[in-house]
Amino acid sequence: MITSAGKSGAFPDRAVFGFDVNASATYLAVSLHGGTAMTQRTILIYPDRRLRTKAREVAEIGNATRGLADDMLETMYAAPGIGLAGPQIGVMRRILVMDCSGKEEEPAPRVLINPELVWQSETTDKREEGCLSMPNQFADVVRPDSVRVGFVNLEGVAEEETFNGIWARCVQHEIDHLDGRLFIDRISLVKRQLLRRRLAKEQRVGRD
Ligand code: NI
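These numbers come from a predicted model, not from an experiment.

Turning our eyes to something else, we now look at the nonpolar core. Counting 42 residues, the largest nonpolar core has Met-72, Leu-96, Val-97 and Val-171 as its most contacted members. Elements represented by at least two residues in this core include exactly helix 3 (63-78), strand 1 (83-85), strand 2 (95-98), strand 3 (110-120), strand 5 (134-144), strand 6 (146-152) and helix 4 (165-178). Per element, the largest residue contribution to this core is seven residues, and it comes from helix 4. In this view, Val-97 contacts Ala-69, Met-72, Leu-73, Met-76, Gly-83, Leu-84, Pro-109, Arg-110 and Val-111; residues no more than four positions away in its chain are not counted.

Next up, the structure:
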């Protein structure tokens, strides 16, 4: 998941990456598929081993998958976040949801099944990322600024789509989750150790 846990201020990206997600109320009122009850799932927190496990393809797209997609969107919006991948709720399947629409825009919930990067730009972009599975930890990550992704939609139809800007960053972050990779794998060792220590410390404090 890409998220940001709130503190705005010096980093304008943070607002974009998290709290300004606008859509939860609208979305929660109207399920994508009309009427099915949605359930908020528990988000796994690092270092849960499932976050390091490669997810398997979704074999069949039926009501179970559509229900799962609804649950994932509800969980993502409630967090709040702009992306969520199956393994983050312990579902070891290649499915991700995202909505990177801005504050003033209409909600744009997306569901990508069995997504694959088919092209990435040589030009890159460095932006701060966070992850709902690593609460309150943020770091700058360099990624291609444009990618083309092949995937299957909820109707079972294969599609290809080019994503740019924050959508490109989000879809890459979520595809990483499907391969057991986290954004901290894409930063320096020193910074990674720092974030891990901070998270462990927060978790100890949380238990006291
Ligand atoms: Ni994440």
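After that view, the rundown keeps rolling.
Another aspect to go through is the confidence of the model for the protein. With 83% of its residues at a pLDDT of at least 70, the protein reaches an overall mean of 87. Confidence drops under a pLDDT of 50 for residues 4-31, and excluding neighbours within four residues, the segment shows 58 contacts in the predicted structure.

As judged from the seven bridges shared by strand 4 (residues 124-131) and strand 5, these two strands associate in the antiparallel manner. The partner of Glu-128 across the bridge, within strand 5, is Asp-140. Hairpin connection, strand 4 to strand 5: the antiparallel pair is bridged by two residues.

Calculation rules
Once a new chain begins, its residue numbering starts again from 1 and follows that chain's sequence as written. Restriction of local features to residues with pLDDT of at least 70 applies here, the model being predicted, together with a cutoff of 80 or more for giving and counting side-chain atom pairs; totals for whole chains, interfaces and linings are based on all residues. What makes a nonpolar core is a set of buried Ala, Val, Leu, Ile, Met, Phe, Trp, Tyr and Cys residues, with links drawn between C-beta atoms within 7 Å. A residue is called partly exposed when the number of other C-beta atoms within 10 Å of its own lies between 12 and 20, exposed at 12 or fewer, and buried at 20 or more, with C-beta atoms placed from the backbone. Helix and strand assignments follow DSSP, with helices taken as H or I runs no shorter than four residues and strands as E runs no shorter than two, numbered in order from the N terminus. The contact rule is simple: place each C-beta atom from the backbone, and if two of them lie within 7 Å, those residues are in contact. Think of pLDDT as the predictor's per-residue confidence, scored from 0 to 100. We call two strands paired when DSSP finds no fewer than two bridges between them.

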